[in-house]
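# Structural overview for review
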Amino acid sequence: MAGSLFYKIFPVFARRGKTDLSIPLSFSLNDDAIDQLRSEVLDRVLQQSPEKKSFILGVTSCEYGEGAYQTALRLAHSFTQIREHVLLIDLDFRSAQISRAVFSSKPESSLNDVLASENTVLMLETVSAAVYSFENTSLEVLPAVKVAGNPSGLLEAVFDSALLEKLSEYYDVIVCALPPAGIYADASMATRDIDGIIFTVRENYTKREMIDNVFTQSRILKEKALGFMYYSAV
Amino acid sequence: MIQKHSVSYINMHAILKSCKRNIAFILLAIILCTVAIYAYYSVTHVLKHEYVVEFNYTVLPVNGSTQSGRLSNMDVTASQTLGMLYQNLYSDSVYTDRILERIGINVANNPNNVSIYSYETGSPNVFKMHVSSNSGNLTKMILEAVVDDMQTSPGLPPGSMVVFCEDVHEIDMMETGMGSLKKYVAVGILLGVFLSCVLLALKVVTRCAITEPAVLTALSNLPVLAQKRVPLQRIER
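All of these numbers come straight from a predicted model, not from anything done at the bench.

### So, the overall build of chain A
- Of the regular secondary structure elements, chain A holds 11 helices and 7 strands.
- Classification of the 234 residues of chain A by burial places 44% in the buried group.
- By sequence separation, contacts in chain A at least 24 residues apart represent 80% of the contacts at least 6 residues apart.

### Thoughts on the confidence of the model for chain B
All names here are of chain B.
- Here chain B averages 65 in pLDDT, and 45% of its residues register 70 or above.
- Within chain B, strand 5 (residues 224-230) carries the highest mean pLDDT (83), whereas strand 4 (residues 161-165) carries the lowest (56).
- Predicted as a complex, the structure gets a pTM of 0.56 and an ipTM equal to 0.77.

### Let's talk about the interface of chain B and chain A
- Taken residue by residue, the interface counts 27 residues in chain B and 36 residues in chain A.
- Looking at the side of chain B that touches chain A, the elements with two or more residues in it are helix 7 (213-220) and strand 5 of chain B.
- With 7 residues, strand 5 of chain B is the single largest residue contributor to the side of chain B that touches chain A.
- The residue inventory of the side of chain B that touches chain A, partitioned by class, reads 17 nonpolar, 3 polar and 7 charged.

### Comments concerning the pairing of strand 4 (residues 139-142) of chain A
All names here are of chain A.
- Residues Leu 139 and Val 141 of strand 4 are buried on one face, and the alternating residues Glu 140 and Leu 142, pointing to the opposite face, are buried as well.
- Where strand 2 (residues 86-90) meets strand 4, 4 bridges bridge the pair, whose relative direction is parallel. Residue Leu 88 lies in a different strand from strand 4, and its bridge partner there is Val 141.
- Sheet topology places strand 3 (residues 132-133) next to strand 4; 2 bridges connect them, and they run antiparallel. Each bridged residue has a counterpart across the sheet, and for Tyr 132 the counterpart in strand 4 is Val 141.

### Here's the deal with helix 10 (residues 208-217) of chain A
- Listed as buried for helix 10 of chain A are Arg 208, Met 210, Ile 211, Val 214 and Phe 215 of chain A. The arc enclosing the buried residues of helix 10 of chain A, seen along the axis, measures out at 165 degrees, which places them on a common side.

### Quick look at the environment of Ile 56 of chain A
- As for its position among the elements, Ile 56 of chain A is in strand 1 (residues 55-61).
- For Ile 56 of chain A, the residues in contact, after removing those within four places along its chain, are Leu 164, Ser 168, Ile 174, Cys 176, Asp 193, Ile 194 and Asp 195 of chain A.

### Some remarks on helix 2 (residues 32-48) of chain A
All names here are of chain A.
- Taking 1.5 Å per residue as the helical rise, helix 2 with its 17 residues ought to reach 24 Å, and the 24 Å between its terminal C-alpha atoms agrees with that figure.
- What helix 2 keeps buried is the set Ile 34, Leu 37, Arg 38 and Val 41. Looking down the long axis of helix 2, one finds its buried residues gathered within 100 degrees of arc, a one-sided arrangement. Opposite the buried face of helix 2, by more than 90 degrees, sit the exposed residues Asp 32, Asp 43, Leu 46 and Gln 47.

### Considerations on the nonpolar core
- Within the largest apolar cluster, 72 residues are counted, with the highest numbers of intra-cluster contacts made by Leu 57, Ala 72, Leu 88, Val 175 and Cys 176 of chain A.
- If sequence neighbours within four positions are ignored, Leu 57 of chain A has contacts with Val 41, Val 173, Val 175, Cys 176, Ile 194, Asp 195, Gly 196 and Ile 198 of chain A.
- Residues Leu 100, Ile 116, Met 129 and Leu 143 of chain B belong to the second largest nonpolar core, which totals 10 residues.

### Remarks on the environment of Val 224 of chain B
- Among the secondary structure elements, Val 224 of chain B is positioned in strand 5.
- Note: C-alpha distance between Val 224 of chain B and Ala 214 of chain B (10 residues apart in sequence) is 8.5 Å.
- Leaving out residues up to four positions away in the same chain, Val 224 of chain B has contacts with Gly 227, Phe 228 and Tyr 230 of chain A together with Pro 213, Leu 216 and Thr 217 of chain B.

Definitions and limits used
Residues numbered from 1 in each chain as written. Chains lettered and ligands numbered in written order. Predicted model: local features only at pLDDT ≥ 70, side-chain atom pairs only at ≥ 80, totals over all residues. Helix = DSSP H or I, 4+ residues; strand = E, 2+ residues; numbered from the N terminus. Buried ≥ 20, exposed ≤ 12 C-beta atoms within 10 Å, placed from the backbone. Contact = placed C-beta atoms within 7 Å. pLDDT = per-residue confidence, 0-100. Nonpolar A, V, L, I, M, F, W, Y, C, P; charged D, E, K, R; others polar. Pairing = 2+ DSSP bridges. Arc of directions from axis to C-beta. Expected span 1.5 Å × (residues − 1). Core = buried A, V, L, I, M, F, W, Y, C linked by C-beta atoms within 7 Å.

Here it is as structure tokens:
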């Protein structure tokens, strides 16, 4: 009782529970463009493998500032309208944009803790603690915590441990927010287990040279690329 | 299928669009540039160094006789006072060239806008010489040369009093704080505007950002799945 009163007075000290997340975007998540993106993505993924019941998508951009994490968040939310179990994973250990946007403080448990587990059994147990649900939607999120230095090893561990494969047994759609492909090679590493990658592009911001470089340097990234989400500025 | 190579990196459409987006910046740069150029020339004008020398030639004959060698070539009429004669003589460009030669400056190009002229005053026996240039040191050197020339000149008999008045008008803005400030502000604005223009040009020409979905498709052979128009500030990281 005293504790809850304390947290009411000082909400900043309140520990984020599993069901008290709220989507912190200033605009509506119900977006026609994102719904269109969802249906286009769905068409393309199902075209590639019609028998597939669950699929893993990646959202990335050439550099920061092109709206990749918002697209990932809104796309994942959009998938909740047609699929029951949707998971959004923050795989950007360099900036942890999703986690910073969704959580007001450092999450109690995160993907970093999951990867620190010694074996697969422990890993799956930790995952259940690290997955958070949103209040009004069926969307769930697996946050990451920003790591200093070069976190490529962590990302590699995600794919070496076949974590995404195991999660896809339960979730219908998994949307991964990836680090910018134009700056880091992490997105290329992630293509192994991902069925399709969506690139976000911002008009008058994204450089042509960067796009060119991304697809020239990583052939596998281009093979997995489904297309672009194009943000034109008003 | 559109080939990747068909999209040029120098896209006039992109450049024009970028210029249109930065029209306020370009206009501001033009206005600042105009102001800076105006300020620069204003300051240059202010930076002129002027000195006035007074010569008292009361001991000289006032009837226009051609006693001195230097005056021998002049056509002195009866109606012409000696003051007027001196005024004509020392306002001549030939005289300026002679003074410049005397201090070792090439007269072919007059880089510092050296100007020497004389004029009469209210007193019938006094005329003044005005020396100005863009350089303070040069003006002093010219002034000394003029005084030396006048004193050693056979046209000025011994006993003529030379009154040397320096900075009578206090126009030597170079040595005052205000003059330096104006100069540095003007030069700073000029440099700033120039650099801004260069940066803008580099940004417009070299950035070559994506300006339309068709360019994107042509570059990558990938479709634009969806398009959304959003205010710039809402596209965050």
